[in-house]
Amino acid sequence: MKVVLQNLTKVFPSRNKKTQDDVIAVNDFTFEIPDGQLIGLLGPSGCGKSTALNLICGLQTPTSGKIYFDDVDVTDLPPENRGVGLVFQNYALYPHLTVMQNIIFPLQNLKGNQKLSKTEMQDKANEVAALVQIGELMERKPNELSGGQQQRVAIARALVKMPSVLLLDEPLSNLDARLRLQTREELRRIQRETGITTIFVTHDQEEAMSISDMIVVMRSGIVEQIGKPQDVYDSPENRFVATFLGTPPINQFTGRISQGSLFVGDDEIFKTNDILDQPVYVGIRPEGFIIDENGPLHCKLHNIEVMGRDFSVITSHEASINPTIRSIVSTDSAASLQSDVINFSIRPEKLFVFAQDTEKRIIV
Amino acid sequence: MEKRNNKAWFYLLPAMLFLGFFMVYPLIDVFIYSLEEGYNSASQTFFGVGSYNYSFVLHDPYFLQAVKNTFILVIFTVPLSTGIALLISTGLNSIKALKNLFQTIYFLPYVTNTLAVGLVFMILFNKTEYTDGLVNLIIRMFGGNSIDFIDGPYWAKMFVLCFYTIWVVMPFKVLTLTSALASVNPQYYDAAKVDGTSKFRTFTKITLPMISPMLFYLIITGFIGAFKAYSDAVALFGTNLNAAEMNTIVGYIYDMLYGDSGGYPSFASAAAIILFAIVLTITCINSLISKRYVHY
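Residues numbered from 1 in each chain as written. Chains lettered and ligands numbered in written order. Predicted model: local features only at pLDDT ≥ 70, side-chain atom pairs only at ≥ 80, totals over all residues.

J.: Can you lay out the overall build of chain B for me, pointing to particular residues and giving the numbers?
T.: What chain B contains, in helices and strands, is 13 helices and 2 strands. Counting only C-alpha atoms, chain B reaches 75 × 75 × 30 Å along its principal axes. Burial analysis of chain B (296 residues in total) assigns 30% to the buried set. At a minimum sequence separation of 6, the contacts of chain B that also span at least 24 residues come to 68%. (Helix = DSSP H or I, 4+ residues; strand = E, 2+ residues; numbered from the N terminus. Buried ≥ 20, exposed ≤ 12 C-beta atoms within 10 Å, placed from the backbone. Contact = placed C-beta atoms within 7 Å.)

J.: Now, about the interface of chain A and chain B: what can you tell me, with residues and values included?
T.: Listed per partner, the contact involves 15 residues of chain A and 14 residues of chain B. Looking at the side of chain A that touches chain B, the elements that each hand over two or more residues are β6 (84–87) and α2 (99–108) of chain A. Tallied by class, the residues present in the side of chain A that touches chain B amount to 11 nonpolar, 3 polar and 1 charged. (Nonpolar A, V, L, I, M, F, W, Y, C, P; charged D, E, K, R; others polar.)

J.: Describe the packing of helix α3 (residues 61–94) of chain B against helix α12 (residues 249–258) of chain B, naming the residues involved and giving the relevant values.
T.: Each pair of packed helices gets described by two things: the angle between the helix axes and the distance between those axes. Residue and element names in this part refer to chain B. It is at 8 Å that the axes of α3 and α12 come closest, and there the two elements cross at 150°. Regarding the angle of α3 to α12, the classification is roughly antiparallel. Residues Tyr-62, Phe-63, Ala-66, Val-67 and Thr-70 of α3 form the contact with α12, whose participating residues are Ile-249, Gly-251 and Tyr-252. (Axes fitted to C-alpha atoms, helices over the stretch in contact; angles between N-to-C directions. Parallel < 35°, antiparallel > 145°, perpendicular 65-115°, else oblique.)

J.: Summarise the nonpolar core; cite the residues concerned and give the values.
T.: Counting 153 residues, the largest nonpolar core has A:Leu41, A:Ala156, A:Leu167 and B:Ala271 as its most contacted members. Looking at this core element by element, the count peaks at 11 residues for helix α7 (residues 154–182) of chain B. When we break this core down by domain, the ones giving at least three residues each are domain 1 (3–240) and domain 2 (251–362) of chain A. With residues up to four places along the chain from it excluded, the contact list for A:Leu41 reads A:Lys49, A:Ala52, A:Leu53, A:Ile199, A:Phe200, A:Val201, A:Val216 and A:Met218. (Core = buried A, V, L, I, M, F, W, Y, C linked by C-beta atoms within 7 Å. Domains from an automatic or database assignment.)

J.: Explain the domain arrangement of chain A residue by residue, including any values.
T.: Residue and element names in this part refer to chain A. The domain architecture assigned to chain A consists of domain 1 (3–240) and domain 2 (251–362). In this structure, domain 1 and domain 2 have C-alpha centres spaced 39 Å apart. Across the side of domain 1 that touches domain 2, the residue classes tally to 2 nonpolar, 1 polar and 2 charged.

J.: I'd like a rundown of the pairing of strand β4 (residues 64–69) of chain A, residues and numbers included.
T.: Residues and elements named next belong to chain A. Inspection of the sheet shows strand β1 (residues 3–12) paired to β4 by 5 bridges, in the antiparallel sense. Paired with Thr-9 across the two strands is Ser-64, which belongs to β4. Bridge count for β4 against strand β5 (residues 72–73) is 2 bridges, and the pairing is antiparallel. In the strand pairing of β5, Phe-69 is matched with Val-72. Count of turn residues in the β4/β5 antiparallel hairpin: 2 residues, of which Asp-70 carries a positive phi of about 50°. (Pairing = 2+ DSSP bridges.)

J.: I'd like a description of the sheet that holds strand β16 (residues 297–306) of chain A, backed by residues and values.
T.: All names here are of chain A. Sheet architecture is open: 5 strands sit in the order β15-β19-β16-β17-β18, paired in antiparallel fashion. The open sheet has two edge strands with one neighbour each: β15 (289–291) and β18 (325–330). Averaged over neighbouring strand pairs, the angle between their axes works out to 50° when direction is ignored.

J.: Kindly report on unusual backbone geometry, identifying the contributing residues and their values.
T.: All names here are of chain A. Across the junction of Thr-247 and Pro-248, the peptide omega takes the value -10°, indicating a cis bond. Looking at where Pro-248 falls in the secondary structure, it is placed in the loop between α8 (239–244) and β11 (251–258). Not every positive phi belongs to a glycine, and Asp-70 is a case in point at roughly 50°. Positionally, Asp-70 belongs in the loop between β4 and β5. Using a count of 11 C-beta atoms within 10 Å as the deciding quantity, one classes Asp-70 as exposed.

J.: If you had to explain the sheet that holds strand β13 (residues 267–271) of chain A to someone new, which residues and values would you point to?
T.: All names here are of chain A. As summarised here, the arrangement of the 6 strands in space is β13-β12-β11-β14-β20-β21, forming an open sheet in which the pairing is antiparallel. Edge positions in the sheet fall to β13 and β21 (361–362), since each of these pairs with one other strand and no more. Sheet topology note: the strand β20 (residues 351–355)/β21 ladder contains 2 bridges and is antiparallel. Residue pairing for β21: Val-353 is matched across the bridge by Ile-362.

J.: So what about the confidence of the model for chain B? Which residues, and what values?
T.: Residue and element names in this part refer to chain B. Overall, the prediction assigns chain B a mean pLDDT of 86, with 98% of residues at 70 or greater. α3 holds the highest mean pLDDT among the elements of chain B, 92, whereas helix α5 (residues 114–125) holds the lowest, 79. Both scores are available for the predicted complex, with the pTM at 0.79 and the ipTM at 0.80. (pLDDT = per-residue confidence, 0-100.)

J.: Describe helix α13 (residues 265–293) of chain B, and please don't skip the residues or the numbers.
T.: Look at α13(B): 41 Å from first C-alpha to last across 29 residues, which is about the 42 Å you get at 1.5 Å a residue. Along α13(B), the positions that sit buried rather than exposed are B:Pro265, B:Ser266, B:Phe267, B:Ala268, B:Ser269, B:Ala270, B:Ala271, B:Ala272 and B:Leu275. (Expected span 1.5 Å × (residues − 1).)

J.: Go over the environment of A:Asp70, please, and point to the residues and values.
T.: Here the alpha-carbon distance between A:Asp70 and A:Met1, two residues 69 residues apart in the chain, equals 5.8 Å. Residues in contact with A:Asp70, not counting those within four places in the same chain, are A:Met1 and A:Lys2.

J.: Requested: an account of the environment of B:Gly50, with residues and values cited.
T.: Residue and element names in this part refer to chain B. Mapped onto the elements of the fold, Gly-50 is located in the loop between β2 (48–49) and α2 (52–59). Exposure remark for Gly-50: the 12 C-beta atoms within 10 Å place this residue in the exposed category. Distance from Gly-50 to Ser-34, taken between C-alpha atoms, is 8.7 Å for residues 16 residues apart in sequence. Setting aside anything within four residues of it in sequence, one finds Gly-50 in contact with Leu-35 and Glu-37.

Have a look at this one:
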């Protein structure tokens, strides 16, 4: 099912009536989530992504704006009539019920001609349990399960009513690193197999990038950029998106455009198109550095970290915003790392220039 | 390992001494008294050892009346007070405005002296030459006949005693349940809401199991408290409870020790041991039942 948000806004009134500084958790969201896709709502904590999820789910009502599922306006519908499944961050499994009872709980709520017999319910539960691979755990209580297993049960419970939209709030944040990798593959597989439009919230850009069909990057209630993960990574629209995406994070410099050239400190690193002279921020992805004796960017070498398949070269530059610059270079180019000063040439597609006042990207 | 064990006993020593002196020793002593026939507290002598004390107590009509009263009190007040407390605290938990005010009002009886409240109840229910009491005024307003609740028929007196007991134990239960309800993670309710769970089903299938440990605690202590009732009856009906047919088991024990017909510690001990056995049995039954319904 297609999900459309139209000028969606949620304002939380200020607790302190004197100051009247209302919190705008979600500010004028307008975008469309195509049917059957996996969407990641991505942003730092407190940016309103969970609120956005709750609005789509119906647990909160928007201050203004509309939500459509396909062409049906669901803005004023209560959650149970929207046909959504929600997986909570800490799973919210009922601790006193077994896995089986937890999964059939939503089915037992069905009324009228939707009502199912006991065996039908159990069949359905077993079906989703098989899908998320917890078939052998059905008689256990939630506290007898590991975090990853609880997560699967929560997904099974959300899926058992065959929702048209599946919502996940920070689905992987309670899992350890190894399990997180495994579970995100699992999420992707479950989503593919069911074909349910899935929206998940995360603050972990790697997580969002790795499994989403589309990511929505948010900051303080505002959508910064929407697109395919690789597209957003390759052409961020502003400085925030560029710095938020990518591990290791992008290296940032203060620089200026002067007479058709881009300067970082005193180093002229790039010939630009015909652009007005102005001070800028320069972002260079770690993989955008090439060790080159005649390269235009002169950095001071601090340290080399051997990662196996490549090197992480730690350097510094007087125009760098962070104290160190981290660049990732292939192992065969490390032979020339002898002196204290190291010269880089820059891959143009890994270099982004942002205006200093608006922080918007300038295409150079 | 051995050494650590000894250390643990050492830490337990103060508590064990205290409990030994003030709980275990008296219990054993009471049991011994209850078997000493014809005990004289002045000369501290007795004729023999046997079960005569128990036989006397169990055939004493005053004791049987006290047992009957106590059981009626337990059977009515424990479920009713717990149920009403649950209703009130659920209501309190779902309102936002004036919640604290209501909480305070419901808690007031807890900080009020039992005897003072008893006096108020007397005024409400008592029928004198000058007035019929407030409750009778209301009954008459609806066309009923006035009843003497304090010196009248048995059922009327029992009603007042139950009403009073429920009223006195309510605040603690409301307070406990309100905090238990407030401690349930609201995400469970959100989850239930998304799944389209009805209010009633949410309450019975989620709220109740979640607060079941607290509920169980209240029921157990409620049973024990009701079995030990005494001061409530005194507050309402005065000290001569046998004459008022309103005695309780603890009241009977007190009368046997210090009352007008008192001075029989052996009979009192036998009655106390019988009460102990009753409370123990009921608590064990409660514990067994709770295994099925209480989720920790």
